[in-house]
Structure formats: C-alpha cells, structure tokens
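So you can see what is in the structure, the chains are spelled out below.
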Amino acid sequence: MGFFCCVGKSNKNNPADADKAKPSLNVNKKKNWISKDDQLSLDVKNLNLKEDGKGNCKRAQTFTFAELAAATRNFRPDCCLGEGGFGKVYKGQLDRINQDLAIKQLDRNGLQGIREFVVEVLTLSLADHPNLVNLIGFCAEGDQRLLGYEYMPLGSLENHLHDLPCGRRALDWNTRMKIAAGAARGLEYLHDKMKPPVIYRDLKCSNILLGEGYHPKLSDFGLAKVGPSGDKTHVSTRVMGTYGYCAPEYAMTGQLTFKSDIYSFGVVLLEIITGRKAIDQTKPAKQQNLVAWARPLFKDRKNFPQMIDPLLQGQYPVRGSYQAIAIAVMCLQEQPNLRPVIADVVTALNYLASQKYDPGIHPVQGSRRIPS
Ligand SMILES: Nc1ncnc2c1ncn2[C@@H]1O[C@H](COP(=O)(O)OP(=O)(O)OP(=O)(O)O)[C@@H](O)[C@H]1O
Ligand SMILES: [Mg+2]
C-alpha cells in the first residue's frame, strides 16, 4: 500500500477533490457554502435523483436546526457518542417523532463535506435493508449539515472488539459469526440488490453498528460509489477509504471494483476472529498491519489456533474457526478476481452463524485459555 495516504483522526484520506465518475456538483470546495435555505434540494437536483414512482425512494424527513439543537440539549458534550471524519455524533431525543436519534453534525473544518453529506442522504434514501442503518432525516439549513439516524444502542463493532472498557464482556463466538453474516448481507444488498449497484468503499468495524441482540447494520455511505456498468470492470476514482482496510490494487491504481469491498470485508472478518485491530501502532513493527501479520500464518492450518482472539478463552469451535479463517483468506487474495463475490460470502457465513457453539457441550480449546 506504498503511497496510500491517510490523514486525520479517522485515518481516512482527504476526500475533498472531485471524482471523475461522480456527477458534478457545484459545491466542490468545502468552504464554498451557498447560503440558501435548502442547499440540499440544489445538490439533489444536480445528482438527478428522481423517485421511481414505485416507492423505491424513501424520503428522509427534514429537521430544523432548532429541533436538533433541542434534541441534543444544544449539542451538550455529555450527549456526544463519538467523533469521526464527518464530525461529532450526539444522542438526541426528538419529541416530535418520539424517537432516540444519533445526530451527526458536519464539522465545517473537518475532512468531509457537502459531497459526502449528499451521497449519504441519496444512498440511504434509495436503500432499504435490515442490515443498513436507517436515516430518519437531515437538516440542511443555512450552512449547517446534520444527519439523524436511528440510534443503535450497542454502538459500533469496534467498541466491542478492541480496547474493551472495564466490565464489558468480550463477544462470544456465536455473536461474532452473527455480526459477520449480517454485515455480509448488508454488503450483498449494496452490491447485488440495489439499482444501480453500489460499492461501499468504507467497510470497517467502526461503521458496523449494533442494535438490540447485536443485530449489525452498516453505516456511513458518504464514500459510496455507483459500480461499473456495461462492459466496464471498474470505476476510476481518487483513492479514499481507511488505511488498513483498503484493497492493495485500489490503493495503487485508484481502480475501484466490487472486489475492493470484499477485501475490506476480509479485514473486518479477520478482526472479528482475532480481536486485533486492522492497524495497531502499539504492537511490534511486524504485527502492526493485521493482514501482513496474518498472511504467513494462513499458509498452515496448524497456525490457525494462535490467530483466534485470546479473549474467547478457548470457547470456539475448531472446525468453524478454520472455516471462518478460510473465508477471510479468500476475501484477502491479492488478485481481486480470485476473491469471492459477496453472495458466496453470505452463503458461507450464514451457514457458520447457524452452527451454534455451546461451550457446555463442545470442547473448550485449552491452548488459548488465559487466566481469568
Ligand atoms: N446510529 C448510531 N447509533 C449509535 N451510535 C452511533 C451511531 N452512529 C455513530 N455512532 C457512534 O459514533 C461514533 C463515531 O461515528 P462516525 O461514523 O462519525 O465515525 P467513525 O466511523 O468512527 O469514523 P469515520 O468517520 O472514519 O467513519 C461511532 O463509533 C459510534 O460509536
Ligand atoms: Mg462511521
């Protein structure tokens, strides 16, 4: 991934310039705000979005800035759920609809801009799937840009895999497979069911949000791209994404394919299995990049047990773990055309998620036990 550049707190590289394959917007420069009350309707017009008359375009509601400010008690710091490249995310209760929301406020000095805001609203307006987060509404008042999503009570997968706060239990094997299978189904919807098909480009653990019962939903579609059409095999874009998740050929050539998402999915699956971060600068040099650490271990099944997250304390099925690693290996092939299509990944992971592991019945793997 030689030249792949990353900046900012979210390790995302700068998306500020124009993509060739994207419809042109008149708002390329982040600072070039157009002071109109409904900037979004202007942006949408430029993107030629039309409702198809068959109910395929679900309209997000329009919120006023005042009601979102009231919902978050004026964006009080203790309502803040986290912060990413787009800006801060607050929990808020919107009385009008009597629903908890996660409200994302665009940071005007941040890494992302109106383009990501518009792509997010458009993608989620067209999409409808149980494994994609729901966009309830947005606010595009003056130069304010806010997004209101359904609130996901268990936060992101990242919060449950890495740096667990004191008292939080590690995810068990069955839950990990459930999350992997659900995330794969969300991606399958984007690749195979949406019209036009969409390349997600931002698959990573912090973008997999968890609802009740650890039901996973993909979020953050600001970088999504319409996939290649006709005879084309790829779309040419400026390289964007998150360091550690980006497919090597995309990082090197800017040629984006559905298989770039499959690679990112392989990284996420490997994080789920190993409990390690895609990039971890606190580890020794050779272990900082998860895929680089794992590749030599992939060669021999004897190495597989040492790859499994020690926090599982040996409570995982040997066969299931081998199969899960085998899926990750396929997704992480250097050659994009050797990676599986998402439908095959879904079939394999649905099967693994259906095979429930019970430590009371099945053997606990002794070698990876850690003292409690
Ligand atoms: N719908 C939601 N419900 C509950 N929490 C959320 C929701 N959306 C985001 N969050 C929380 O806010 C945090 C920040 O999310 P955000 O998507 O802005 O950044 P990120 O995914 O960490 O980084 P990036 O900007 O690179 O995608 C998440 O890690 C999650 O904990
Ligand atoms: Mg995110």
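All values derive from a computational prediction rather than experimental measurement.

**Topic: the overall build of the protein**
- On a plain count of helices and strands, the protein comes out with 11 helices and 12 strands.
- By the burial criterion, 40% of the 372 residues in the protein qualify as buried.
- Put simply, 68% of the contacts in the protein that link residues at least 6 apart link residues at least 24 apart.

**Focus on the UniProt feature "binding site: ATP" (unreviewed entry) in the protein**
- Mapped onto the present numbering, the UniProt feature "binding site: ATP" (unreviewed entry) falls on Lys104.
- Relative to the elements of secondary structure, lysine 104 occurs in strand β4 (residues 99–106).
- Lysine 104 gets classed as buried once you count the C-beta atoms within 10 Å, which come to 26.
- Not counting the four nearest positions on each side in its chain, lysine 104 is found in contact with Phe86, Gly87, Val89, Leu146 and Leu147.

**Describing the packing of helix α5 (residues 173–193) against helix α7 (residues 258–274)**
- With their axes 11 Å apart at the nearest point, α5 and α7 run at an angle of 170° to one another. One finds that α5 runs roughly antiparallel with respect to α7. Of the residues in α7, those in contact with Arg176, Ile179, Ala180, Ala183, Ala184, Leu187 and His191 of α5 are Phe258, Asp261, Phe265, Val268, Leu269 and Ile272.
- The class makeup of the residues in the contact of α5 with α7 is 10 nonpolar, 1 polar and 2 charged.

**Thoughts on the pairing of strand β6 (residues 146–150)**
- When you tally the buried positions in β6, you get 4 out of 5 residues, the bulk of the element.
- Strand direction decides the pairing type here: β4 and β6, joined by 5 bridges, are antiparallel. Opposite alanine 102, over in β6, you have tyrosine 149 as the bridge partner.
- Bridging between strand β5 (residues 135–139) and β6 involves 4 bridges; their strand directions are antiparallel. Looking across to β6, one finds that cysteine 139 is bridged to leucine 146.

**Here we look at the sheet that holds β6**
- Sheet architecture is open: 6 strands sit in the order β1-β5-β6-β4-β3-β2, paired in mixed fashion. Two strands bound the open sheet, and with one partner strand each, they are β1 (61–62) and β2 (80–83).
- Note: strand β3 (residues 87–94) against β4, 8 bridges, orientation antiparallel. Bridge pairing links leucine 94 to glutamine 99 in β4.

**A look at the nonpolar core**
- Ranked by internal contacts, the top residues of the largest apolar core, which has 87 residues, are Ala184 and Leu269.
- Taken domain by domain, this core gets at least three of its residues from each of domain 1 (1–151) and domain 2 (157–368).
- When neighbours within four sequence positions are excluded, alanine 184 is seen to be in contact with Phe265, Ile342, Val345, Val346 and Leu349.

**Notes on the environment of proline 196**
- Tracing the sequence through the fold places proline 196 in the loop between α5 and β7 (198–199).
- The class of proline 196 is exposed, set by 9 C-beta atoms lying within 10 Å.
- A sequence separation of 31 residues divides proline 196 from glycine 227, and the C-alpha atoms of the two residues are 7.3 Å apart.
- Ignoring any residue separated from it by four or fewer positions in sequence, one finds proline 196 in contact with Val226, Gly227 and Ser229.

**Details of the confidence of the model for the protein**
- Averaged over every residue, the pLDDT of the protein is 84; the share at 70 or more is 82%.
- Counting interchain partners and residues more than four positions distant, the pLDDT-below-50 stretch residues 1–11 has 22 contacts.
- For the stretch residues 13–40, pLDDT sits under 50, and the model shows 50 contacts to residues farther than four places along the chain or on other chains.

**Regarding the environment of glycine 241**
- Positionally, glycine 241 belongs in the loop between β11 (235–236) and α6 (248–253).
- Under the C-beta neighbour-count criterion, glycine 241 is labelled buried, with 27 such atoms within 10 Å.
- Placed 23 residues apart in sequence, glycine 241 and serine 264 show a C-alpha to C-alpha distance of 9.7 Å.

**So, the pairing of β4**
- The element β4 is extensively covered by neighbouring structure, given that 6 of its 8 residues are classed as buried.
- Counting the residues that bridge the hairpin from β3 to β4 gives 4 residues, and of these asparagine 98 lies at a positive phi of roughly 50°.

**Re helix α10 (residues 318–331)**
- A rise of 1.5 Å per residue sets the reference length of α10, with its 14 residues, at 20 Å; its end C-alpha atoms lie 20 Å apart and thus fit the reference within 8%.
- Taken as a whole, α10 has its buried residues at Ser321, Ala324, Ile325, Ile327, Ala328 and Cys331. Each buried residue of α10 sits inside an arc of 155° when the element is viewed along its axis, so together they form one side. In α10, the exposed positions that point more than 90 degrees away from the buried face belong to Arg319 and Tyr322.

**Considering the packing of α5 against helix α11 (residues 342–354)**
- Their axes nearest at 9 Å, the elements α5 and α11 cross at an angle of 155°. On the basis of their axis angle, the class for α5 and α11 is roughly antiparallel. The interaxial crossing formed by α5 with α11 has left-handed handedness. Residues Met177, Lys178, Ala180, Ala181, Ala184, Arg185, Leu187, Glu188, His191 and Asp192 of α5 form the contact with α11, whose participating residues are Ile342, Ala343, Val345, Val346, Leu349, Asn350, Leu352 and Ala353.

The rules behind these values
- Residues numbered from 1 in each chain as written.
- Chains lettered and ligands numbered in written order.
- Predicted model: local features only at pLDDT ≥ 70, side-chain atom pairs only at ≥ 80, totals over all residues.
- Helix = DSSP H or I, 4+ residues; strand = E, 2+ residues; numbered from the N terminus.
- Buried ≥ 20, exposed ≤ 12 C-beta atoms within 10 Å, placed from the backbone.
- Contact = placed C-beta atoms within 7 Å.
- UniProt positions renumbered as here; feature names shortened; annotations may be inferred.
- Axes fitted to C-alpha atoms, helices over the stretch in contact; angles between N-to-C directions.
- Parallel < 35°, antiparallel > 145°, perpendicular 65-115°, else oblique.
- Nonpolar A, V, L, I, M, F, W, Y, C, P; charged D, E, K, R; others polar.
- Pairing = 2+ DSSP bridges.
- Core = buried A, V, L, I, M, F, W, Y, C linked by C-beta atoms within 7 Å.
- Domains from an automatic or database assignment.
- pLDDT = per-residue confidence, 0-100.
- Expected span 1.5 Å × (residues − 1).
- Arc of directions from axis to C-beta.
- Left-handed = near helix turned anticlockwise from the far one by under 90°.

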